[in-house]
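Chain residues, written in single-letter form:
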There are 4 protein chains.
Amino acid sequence: MKEVEIIARKYFDQSLTDRERAIFEGGIALGALYHQFIGIPICKDRKLISNLERAIEEVMKLQPYRESVNVKINIEKIKGEKKHPYDYELLKGKHLDAKIIIKYGKAKATVAMKYIDELDYTLMYVERVEESV
Amino acid sequence: MKEVEIIARKYFDQSLTDRERAIFEGGIALGALYHQFIGIPICKDRKLISNLERAIEEVMKLQPYRESVNVKINIEKIKGEKKHPYDYELLKGKHLDAKIIIKYGKAKATVAMKYIDELDYTLMYVERVEESV
Amino acid sequence: MKEVEIIARKYFDQSLTDRERAIFEGGIALGALYHQFIGIPICKDRKLISNLERAIEEVMKLQPYRESVNVKINIEKIKGEKKHPYDYELLKGKHLDAKIIIKYGKAKATVAMKYIDELDYTLMYVERVEESV
Amino acid sequence: MKEVEIIARKYFDQSLTDRERAIFEGGIALGALYHQFIGIPICKDRKLISNLERAIEEVMKLQPYRESVNVKINIEKIKGEKKHPYDYELLKGKHLDAKIIIKYGKAKATVAMKYIDELDYTLMYVERVEESV
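My aim in this report is to walk through the structure given alongside it, one point at a time. Values in this document were obtained by computation on a predicted structure and should not be read as measured data. (Residues numbered from 1 in each chain as written. Chains lettered and ligands numbered in written order. Predicted model: local features only at pLDDT ≥ 70, side-chain atom pairs only at ≥ 80, totals over all residues.)

## Concerning the overall build of chain A
Quick reminder of the rule: Secondary structure elements are defined from DSSP: runs of H or I of at least 4 residues count as helices, runs of E of at least 2 residues count as strands, and each element is numbered from the N terminus. Counting other C-beta atoms within 10 Å of each residue's C-beta, where C-beta atoms are placed from the backbone, gives the exposure class: buried for 20 or more, exposed for 12 or fewer, partly exposed between.
Looking only at helices and strands, chain A features three helices and six strands. Taking the principal axes of the C-alpha coordinates as reference, chain A spans close to 55 × 35 × 25 Å. Counting over 133 residues, chain A shows a buried share of 50%.

And the structure:
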């Protein structure tokens, strides 16, 4: 284990398992992604949306123990092409799907976020947790 | 269990325990708090800082299963009183201590965030997890 | 004029009038307010909304040459009382009215922001500019 | 003039010149850019920084009357390469140079933002205003 991780672990509940730590980091990743990027101007331009998705993925992958970050902005939920100066939207939860894989020790947690119609809510959830033996 | 929670749980890994869910919500809470509020103008004014702390606590408590949200902005790390128009700071991780308690089913997770000198990093961690029998 | 302002003014177009500078600061104030606070969890609770308005006003007044900052979150546009864990909204442009007065030298600019139905847009505008003789 | 602009102009002080409107939009652009993007994780990786700069430029250009948006993240102010999980920074004002050109009617305003050592402050300023005859 890296020296910095030994320092960090002194602050954690000593009973925490690798699986729980991976889940915790997944929660941080989703909360951070959402509240950092909500409010960005967007429009129905595939190139712009795709560049923005890649940029978000790359920077959010810098946080600890992120194995992969996958961001999808739902372009079909953005209204039409920009026709006049005031015609664009701001990124909201309903546009934003994300899937993040966290790897900590022997555990791997896949967490995700998407807008759920039934709840009228952008739900963050733990999709799967695996442990290697 | 409330009907909305039954809907939400369909998206979660079915093996997730209450304890793990509480830890996950704790991660979301910390990631959200940090990335939502970083960048707010602040200065060494006790009343202003205290009002800001209370406002942050109240709004972040609206998210799911937060039992308590405690925010402390370290006023001693803010430079002196405002002396001229450009003399103020922006809220950063080093100013911000938070402790959040999540209650989900039988589990209670206490998560926290504070700046750790040794790491030169604002660490988010799981301080304690308890389960009622 | 304060020494810091003499330094700052070296970076500005030397032909800029006090009136123009006040308008510029007004633009900064609105752009900053909007993009800093959008995304905050809110619900239809008068006390919480009122505390949040005051906290935003106090911190945004720290920026240069702000004489007053007035923020109104339109509580009637927020859906009902919080009934379950996923039942809250995030602060959006449509909820947010602001009026900011900037005083620079002999000029005073009143700038404002509000959601305009006809444009389906949260417009930022210069409401009035006055100059003392 | 586009119909939407006729609607928008009803909200503005009727004495406002094109030059003043361009300056106002410049202020909004800088305030928005700063408070939207501060807090993004970054590290000393040229490709990542360059993709982030382009993404910010593209989205901020969607706002009204932006003719060009130029963003430069000062990679030399970022500490070394990422060596361990907690080794990255968050985007701050000191990293961020921007130059934005606004074109409104006959006026063109060039506004900019950069960290000024003497002020220990990320100054936003109007670099130049031109009017075509």
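## Considering the relation of the copies chain B and chain A
The condition that has to hold: Superposition of the copies used a least-squares fit over C-alpha atoms from residues whose pLDDT is at least 70 in both. Residues are scored as being in contact if the C-beta atoms we place from backbone atoms lie within 7 Å.
After a rotation of 180° and a shift along the axis of 0.0 Å, chain B superposes on chain A with an RMSD of 0.0 Å. When the rotation and shift are considered jointly, the pair of chain copies conforms to a two-fold rotation axis. The share of interface residues of chain B whose copies in chain A are also at the interface is 100%, consistent with both copies meeting through the same surface.

## Description of the interface of chain B and chain A
Rule in force here: Residue classes follow a fixed rule: Ala, Val, Leu, Ile, Met, Phe, Trp, Tyr, Cys and Pro count as nonpolar, while Asp, Glu, Lys and Arg count as charged, and any other residue, Gly among them, counts as polar.
The interface of chain B with chain A comprises 30 residues on the first partner and 30 residues on the second. For the side of chain B that touches chain A, the class distribution of residues is 19 nonpolar, five polar and six charged.

## A closer look at the sheet that holds strand β4 (residues 96-104) of chain D
Residues and elements named next belong to chain D. The following threshold applies: In short, DSSP must find at least two bridges between two strands for them to pair. Simply put, an axis is a line fit to the C-alpha atoms, just over the touching stretch for a helix, and the angle between two N-to-C directions goes from 0 to 180 degrees.
Ordered in space as β2-β4-β5-β6, the four strands form an open sheet in which the pairing is antiparallel. At either margin of the open sheet sits one strand with a lone partner, and together these are β2 (66-73) and β6 (121-131). In this sheet, adjacent strand axes meet at a mean angle of 10° when their direction is disregarded. With seven bridges joining them, β4 and strand β5 (residues 107-116) adopt antiparallel strand pairing. Note on β5: the bridge partner recorded for Ile100 is Val111. Seen against the sheet, helix α2 (residues 18-37) touches β2, β4, β5 and β6 and runs at an angle of roughly 150° to β4.

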